[in-house]
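# Coordinate inspection notes
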Amino acid sequence: MQGKKVSDSETIMTEMIMPNDTNPLHNLMGGNLLRWMDIAAGICAGKHCNTHIATVSVDHVSFKKPIPLGNVITIKALVTRAFNTSVEVYVEVSFSDIKGQNPKHSNDAYFTFVGIDDISHRPLKVPEVVPITMEEKRRYDAALKRRDLRMLMSGRLKAKDAKELKTLFEV
Ligand SMILES: CC(C)(COP(=O)(O)OP(=O)(O)OC[C@H]1O[C@@H](n2cnc3c(N)ncnc32)[C@H](O)[C@@H]1OP(=O)(O)O)[C@@H](O)C(=O)NCCC(=O)NCCS
């Protein structure tokens, strides 16, 4: 199976924060942002895998700044690395007023998706990611450590087998 470039599936989604999207403080409700991040990341993963996908994991997400009613958010999703049947997607969120002035970074997160076969609904092999830029290569290399960490946290990997994480503590 031929590898695919990050740019082949890059996905950018914009939304204006409407009254229905907010919490009682008139800022975007966290759950609505997570939903939009999942949609943007899922479209990106689906384009990369050329098939239906399912979300299997969302890494730590922190909400650094409130996003006020009437602002416009931009959600950018990029594949970082594919494993066997799964692919990791980096999602970055920024926001600004309608004039586009003073854009601010608000969130980022890593999502993991599994390519799903149309008929059996079972995981299916996905294409490799071919990193080209320095940033893409940096995220590609670091993806193995993030994978070990999420496998450890989800109980799919034992601490003694987390080889990539051990290198973090070696001098
Ligand atoms: C996706 C699903 C079909 C995978 O089935 P499974 O029996 O777990 O299949 P596998 O054990 O072969 O795992 C499939 C891939 O997911 C990865 N995976 C599973 N759990 C994971 C986790 N917590 N974090 C990261 N990757 C994970 C595995 O490493 C494997 O990837 P790889 O082949 O690249 O190594 C099944 O877990 C499922 O249906 N989950 C629910 C998905 C869903 O409904 N998402 C929306 C949630 S609201």
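The structure we're discussing is the one just above.
Described below are features of the structure shown in this document. Because the structure is predicted, anything quoted here is derived from the model rather than measured. (Residues numbered from 1 in each chain as written. Predicted model: local features only at pLDDT ≥ 70, side-chain atom pairs only at ≥ 80, totals over all residues.)

A large share of strand E4 (residues 72–82) lies buried, amounting to eight of its 11 residues. In terms of strand pairing, E4 meets strand E5 (residues 86–96) through 10 bridges, oriented antiparallel. By the bridge assignment for E5, Val72 is matched with Ser96. Between E4 and E5, which pair antiparallel one after the other, the connecting turn spans three residues. (Buried ≥ 20, exposed ≤ 12 C-beta atoms within 10 Å, placed from the backbone. Helix = DSSP H or I, 4+ residues; strand = E, 2+ residues; numbered from the N terminus. Pairing = 2+ DSSP bridges.)

Our next topic: the site of the ligand. In the neighbourhood of the ligand, 14 residues make up the surrounding shell, with Ser57, Phe83, Asn84, Thr85 and Ser86 lying closest. Elements represented by at least two residues in the shell around the ligand include exactly strand E3 (52–58) and strand E6 (104–116). With four residues, E3 is the single largest residue contributor to the shell around the ligand. In the shell around the ligand, the residues fall into five nonpolar, seven polar and two charged. (Near = placed C-beta within 6 Å. Nonpolar A, V, L, I, M, F, W, Y, C, P; charged D, E, K, R; others polar.)

The end-to-end C-alpha distance of helix H1 (residues 30–49), which contains 20 residues, comes to 28 Å, matching closely the 28 Å that a straight helix rising 1.5 Å per residue would cover. Turning to H1, its buried residues are Leu33, Met37, Ala40, Ala41, Cys44, Ala45, His48 and Cys49. The buried residues of H1 all sit within an arc of 160° when viewed along its axis, so they share a single face. For H1, exposure combined with an orientation more than 90 degrees from the buried face picks out Gly31 and Arg35. (Expected span 1.5 Å × (residues − 1). Arc of directions from axis to C-beta.)

Bringing the sheet that holds E3 into the picture now. Spatially, the five strands line up as an open sheet ordered E2-E4-E5-E6-E3, and their pairing is antiparallel. Among the strands making up the open sheet, the edge pair consists of strand E2 (11–16) and E3. Taken over all neighbouring pairs, the strand axes of this sheet differ in orientation by 30° on average, direction set aside. Sheet topology note: the E2/E4 ladder contains six bridges and is antiparallel. Bridge pairing in E4 links Thr11 to Ala77. Contacts between H1 and the sheet are confined to E2, E3, E4, E5 and E6, with E5 contributing the most and set at about 135° to the helix. On the sheet, helix H2 (residues 134–153) packs against E3, E4, E5 and E6 and is oriented at approximately 90° with respect to E4. (Axes fitted to C-alpha atoms, helices over the stretch in contact; angles between N-to-C directions. Contact = placed C-beta atoms within 7 Å.)

What follows deals with the pairing of E5. Taking burial as the measure, the 11 residues of E5 include eight buried ones, the bulk of the element. Direction of pairing for E5 relative to E6: antiparallel, over a ladder of 10 bridges. Counterpart to Ser94 in the pairing with E6 is His105.

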